[in-house]
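Okay, here's what each chain looks like letter by letter:
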Amino acid sequence: MGKVVLVTGAARQLGSRFVRRIQRDPEVEKVVAVDAVPPGQRLGSALFVRADIRQPVIARILAEHSVDTVVHLAVTGSPLGGGGRTSVKEANVIGTMQLLGACQKSPTVRRLVVKSSTNVYGAAPRDPAVFTETTQPKSLPGGGFAKDAVEVEGYVRGFSRRRPDVAVAVLRFANILGPRADSPLAEYFSMPVLPTVMGYDPRLQFVHEDDVVEVLELAAGEPRRGTLNSGTFNIAGDGVLLLSQCSRRLGRPTVPLLLPAVTWVGAALRTVGITDFSQEQIRLLTHGRVVQTGQMREVLGFEPSYTTAETFTDFARSRGPGLLPPEVLGRTVDRLRGALQ
């Protein structure tokens with residue numbers, strides 16, 4: 001008998017890609033894809049079960065298929081199939097609680113992989129230059145997806161204590177970008193003009209969506225020789241980019257605004273549905289965030305195929321030309337900087 005893998009959040013772009021990818025593993029006998037809405041993409045030979053993980057039915061699904069590996073990808077910052085912030089929080093937090101409760105009672109579950117985010121570190125002016133997996137944030141996220149991720153990780157730690165026989169991997173992803181990225185940050189970078197906070201040029205890290213699928217598969221399998229794929233790991237591409245460098249590569253000019261004005265613009269953009277310019281995203285675009293990835297390489301044994309810069313280049317190529325050619329925008333910014341010095 002091969003492995004039986006259950007994947008939550010299978011209707012999303014990333015979830016469906018992972019479902020198709022994990023089927024190619026010769027050690028996997030069956031993939032059970034779960035989501036509350038039908039998938040918009042093909043799932044190959046996977047068995048799709050339409051179910052809301054906030055409901056007790058998830059325990060029956062685990063038992064019916066004798067699931068031994070659970071990959072939890074349903075922790076997200078944006079709704080799918082309608083619903084606002086309240087429904088997203090319920091799906092993230094209550095859904096995770098229900099799923100972990102079912103896993104705790106299941107005699108067959110042996111591995112759990114949870115998709116988390118570097119948002120758990122927050123973004124504040126007194127932050128360290130680089131976060132490690134054990135760094136305590138100076139200011140815990142006060143709301144939004146970042147707070148959900150913190151709560152989810154807390155419940156996962158509790159599950160680990162109650163079921164020490166289950167190998168648990170928590171993957172804290174930096175901002176995920178790529179040609180098919182559909183995150184709020186991808187929407188922000190797709191705007192013709194980028195509102196920024198005056199006086200700030202934050203450092204940003206990205207991870208390519210292809211690398212996300214690769215590392216999820218690695219974490220869901222048996223550890224390779226000399227590695228250990230249980231624990232908490234920061235996942236990001238090498239290097240950093242400044243927000244100003246991102247705007248140049250996109251060919252999209254920035255409009256520096258005072259922080260209160262950026263907050264007002266963010267609220268207006270959310271109201272008209274252009275992008276989810278949340279408070280946590282504003283803090284990221286003010287103070288930035290950089291994480292250390294030594295554990296990812298030395299313990300998990302994963303080496304990303306894309307650096308942060310290469311990830312952003314691939315993303316920018318998929319978005320088409322901006323208002324200004326990148327080289328023209330770069331020369332203009334350099335001239336303006338020289339005039340002000």
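Structural data are supplied above this passage.
Residues numbered from 1 in each chain as written. Predicted model: local features only at pLDDT ≥ 70, side-chain atom pairs only at ≥ 80, totals over all residues. Heavy atoms only, no water.

## Considerations on the pattern of salt bridges
For the structure on display, the rule yields 18 salt bridges. Two residues, Arg172 and Glu153, come together in a salt bridge whose shortest N-O distance is 2.6 Å. Taken together, the positions of Arg172 in strand S6 (residues 167-173) and Glu153 in helix H4 (residues 144-162) put the pair 19 residues apart, joining distant regions of the chain. Glu153 shares its class with Arg172; the two are buried. Counted as one network, the salt bridges with shared partners bring together Arg17, Arg180, Glu209 and Asp210. (Salt bridge = Lys/Arg side-chain N within 4 Å of Asp/Glu carboxyl O. Helix = DSSP H or I, 4+ residues; strand = E, 2+ residues; numbered from the N terminus. Buried < 20%, exposed > 50% of the residue type's maximum accessible area, 1.4 Å probe, protein only.)

## Comments concerning the nonpolar core
Nonpolar side chains tend to gather and get buried jointly when the protein is soluble and globular. One finds Val71, Leu171, Leu216 and Ile235 to be the most contacted residues of the largest nonpolar core, which totals 31 residues. Secondary-structure elements contributing two or more residues to this core are strand S1 (3-8), helix H1 (13-22), strand S2 (28-35), S6, helix H6 (209-220) and strand S11 (231-235). Of the residues forming this core, the biggest block, 7 residues, is contributed by H6. Not counting chain neighbours up to four residues away, the residues in contact with Leu216 comprise Phe18, Val71, Leu73, Val113, Leu171 and Phe173. Formed by 28 residues, the second largest nonpolar core is a distinct cluster that contains Val32, Ala102, Val156 and Val168. (Core = buried A, V, L, I, M, F, W, Y, C linked by side-chain atoms within 4.5 Å. Contact = heavy atoms within 4.5 Å.)

## Structural notes on the sheet that holds strand S5 (residues 111-117)
An order of S3-S2-S1-S4-S5-S6-S11 is seen for the 7 strands of this open sheet, with the pairing classed as parallel. Each edge of the open sheet carries a strand with a single partner, namely strand S3 (47-50) and S11. Strand-to-strand twist across the sheet, computed as the mean angle between neighbouring axes with direction ignored, equals 20°. Taken together, the 4 bridges between strand S4 (residues 69-72) and S5 define a ladder with parallel strand orientation. Along S5, the bridge assignment pairs His72 with Val114. (Pairing = 2+ DSSP bridges. Axes fitted to C-alpha atoms, helices over the stretch in contact; angles between N-to-C directions.)

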